[in-house]
Amino acid sequence: MSDSIKIDIWSDIACPWCYIGKRKLEHGLEEYSAGVDALPVEIEYHSFELSPDTPVDFDGSTTDYLAARKGMPVEQVTQMLERVTGIAASVGLDYDFDEVKHTNTVKAHQLIHYAKAHGVQLAAKERLLKAYFVDGRHVGRVEDLADLAAEIGLDREDVLRSLNADEFLEAVHADQRQAQAYGIQGVPFFVIDGRYGISGAQDAAAFVQVLEQVAGERTEVGA
């Protein structure tokens, strides 16, 4: 039983539940990995754009954007963001929606694919999410993304080359086509072992349960 369990995750950078879901998954993995018969787990992130029509430089706050896009009163949006901030805090994330730079995320997704090709996809995903929700950094402009890439050890100039050339744009589109094939309409969405889907930022226990089920099934068939 040396084969790892694969977890494919569709998510967006500009998705507060995706960062929360990432932390809950990580907590679940810690609990699962402490088990005697735990199998190794491999994680791969895939691209999903919640708002592909968003401009790179959006003129306004997150509250402005959500109020306009969802047709909600500003007061209701403010309350919703306060609730999400509280949930994020419960898993150790310090969201700062007042500083969020709302933007188009297609270039950020290309950077994640670039990072995958260089063996640091998970580090890139974490850095971009933190940059967006915690640090108030811009994750839509090529120069800013190159700066963030350099922080995790990637070659800044080569990142600029790749992003300006849209080197991984087709990989982003391939992820999106696969999401459509799976019927994924919202993120985060987790596909475990290519067979089980978990939608949304579920609690750690949900991930533990599915991982233990997959490991148990492999034991039964002598995998």
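Here goes a summary of the coordinates provided. All values reported here derive from a predicted model rather than from experimental measurement.

### Some thoughts on the overall build of the protein
Consideration 1: What the protein contains, in helices and strands, is nine helices and four strands.
Consideration 2: When the helices and strands of the protein are listed from N to C terminus, the series reads β-α-β-α-α-α-α-α-α-α-β-β-α.
Consideration 3: Here the protein has a C-alpha radius of gyration of 18 Å; the compact-globule value for 223 residues is 17 Å, and the two agree.
Consideration 4: Each principal axis of the C-alpha distribution contributes one length, and for the protein these read about 55 × 40 × 30 Å.
Consideration 5: Residue burial in the protein is summarised as follows: out of 223 residues, 48% are buried.
Consideration 6: Partitioning the contacts of the protein with sequence separation of at least 6, the portion at a separation of at least 24 is 72%.
Consideration 7: Accessible surface, the protein as shown: approximately 10600 Å² in total, 49% of it carbon and sulfur.

### Digging into the pairing of strand 1 (residues 5-11)
Consideration 1: In terms of burial, strand 1 is largely enclosed, as six of its seven residues are buried.
Consideration 2: Two elements, strand 1 and strand 2 (residues 41-47), share seven bridges in a ladder whose sense is parallel. Its bridge partner lying in strand 2, Ile 9 is registered against Tyr 45.
Consideration 3: Taking the sense of rotation as the criterion, the β-α-β connection linking strand 1, helix 1 (residues 16-33) and strand 2 turns out right-handed.
Consideration 4: Pairing of strand 1 with strand 3 (residues 189-192), which is carried by four bridges, proceeds in the antiparallel orientation. Bridging across to strand 3, Trp 10 finds its partner in Phe 189.

### Focus: the side chain of Asp 8
Consideration 1: With respect to the helices and strands, the residue Asp 8 is situated in strand 1.
Consideration 2: Of note is the side chain of Asp 8, whose polar atom sits 3.1 Å from the side chain of Lys 6.
Consideration 3: Among all residues touching Asp 8, those that are not within four sequence positions of it are Glu 44, His 46, Phe 189, Phe 190 and Val 191.

### Topic: the pairing of strand 4 (residues 196-199)
Consecutive residues of a regular strand have side chains that alternate between opposite faces of the sheet.
Consideration 1: As paired strands, strand 3 and strand 4 are joined by four bridges and run antiparallel to one another. By the bridge assignment, Phe 189 is partnered in strand 4 with Ser 199.
Consideration 2: As consecutive antiparallel partners, strand 3 and strand 4 are separated by three residues, and within that stretch Asp 193 has a phi angle of approximately 60 degrees, a positive value.

### Structural notes on the packing of aromatic side chains
What characterises a pair of aromatic rings is the spacing of the ring centres plus the angle enclosed by the ring planes.
Consideration 1: Scanning the model with the defined rule gives nine aromatic pairs in all.
Consideration 2: Plain terms: the ring middles of Trp 10 and Tyr 182 are 5.5 Å apart, the flat faces sit at 90 degrees to each other, and that makes the pair edge-to-face. Taken together, the positions of Trp 10 in strand 1 and Tyr 182 in helix 8 (residues 169-182) put the pair 172 residues apart, joining distant regions of the chain.
Consideration 3: A relative accessible area of 2% places Trp 10 in the buried class.
Consideration 4: Note on Tyr 95 and Phe 97: the rings are 5.6 Å apart at their centroids and 90 degrees apart in plane angle, and the pair reads as edge-to-face.
Consideration 5: Judged by relative accessible area, Tyr 95 falls into the buried class, the value being 5%.
Consideration 6: With a relative accessible area of 12%, Phe 97 lands in the buried category.

### Looking at helix 6 (residues 142-151)
Consideration 1: Within the span of helix 6, buried status applies to Val 142, Leu 145, Ala 146, Leu 148 and Ala 149. Buried residues of helix 6, seen end-on, are gathered within an arc of 160 degrees and therefore sit on one face of the element.
Consideration 2: Residues of helix 6 that are buried sit in contact with helix 4 (106-117), helix 5 (121-133) and helix 7 (156-164).
Consideration 3: Downstream of helix 6 by a residue or two, Gly 153 has a phi angle that is positive, lying close to 95 degrees.

### Quick word on the pattern of salt bridges
Consideration 1: In the structure shown here, the tally under the stated rule is 25 salt bridges.
Consideration 2: Residue Asp 135 is joined to Lys 130 by a salt bridge in which the shortest nitrogen-to-oxygen separation is 3.0 Å.
Consideration 3: Relative accessible area serves as the criterion here: at 31%, Asp 135 is assigned to the partly exposed category.
Consideration 4: Arg 177 is the salt-bridge partner of Glu 170, the closest N and O atoms lying 2.5 Å from each other.

The rules behind each value
Residues numbered from 1 in each chain as written. Predicted model: local features only at pLDDT ≥ 70, side-chain atom pairs only at ≥ 80, totals over all residues. Heavy atoms only, no water. Helix = DSSP H or I, 4+ residues; strand = E, 2+ residues; numbered from the N terminus. Rg over C-alpha atoms; globule rule 2.2 N^0.38 Å. Buried < 20%, exposed > 50% of the residue type's maximum accessible area, 1.4 Å probe, protein only. Contact = heavy atoms within 4.5 Å. Areas by Shrake-Rupley, 256 points an atom, 1.4 Å probe, with all protein chains shown as cover. Pairing = 2+ DSSP bridges. Right-handed = clockwise from strand over helix to strand, strands pointing away. Polar contact = N/O pair within 3.5 Å; in protein donor to acceptor, adjacent residues only side chain to side chain. Phe/Tyr/Trp six-rings, centres within 6.5 Å; stacked < 30°, edge-to-face > 60°. Arc of directions from axis to C-beta. Salt bridge = Lys/Arg side-chain N within 4 Å of Asp/Glu carboxyl O.

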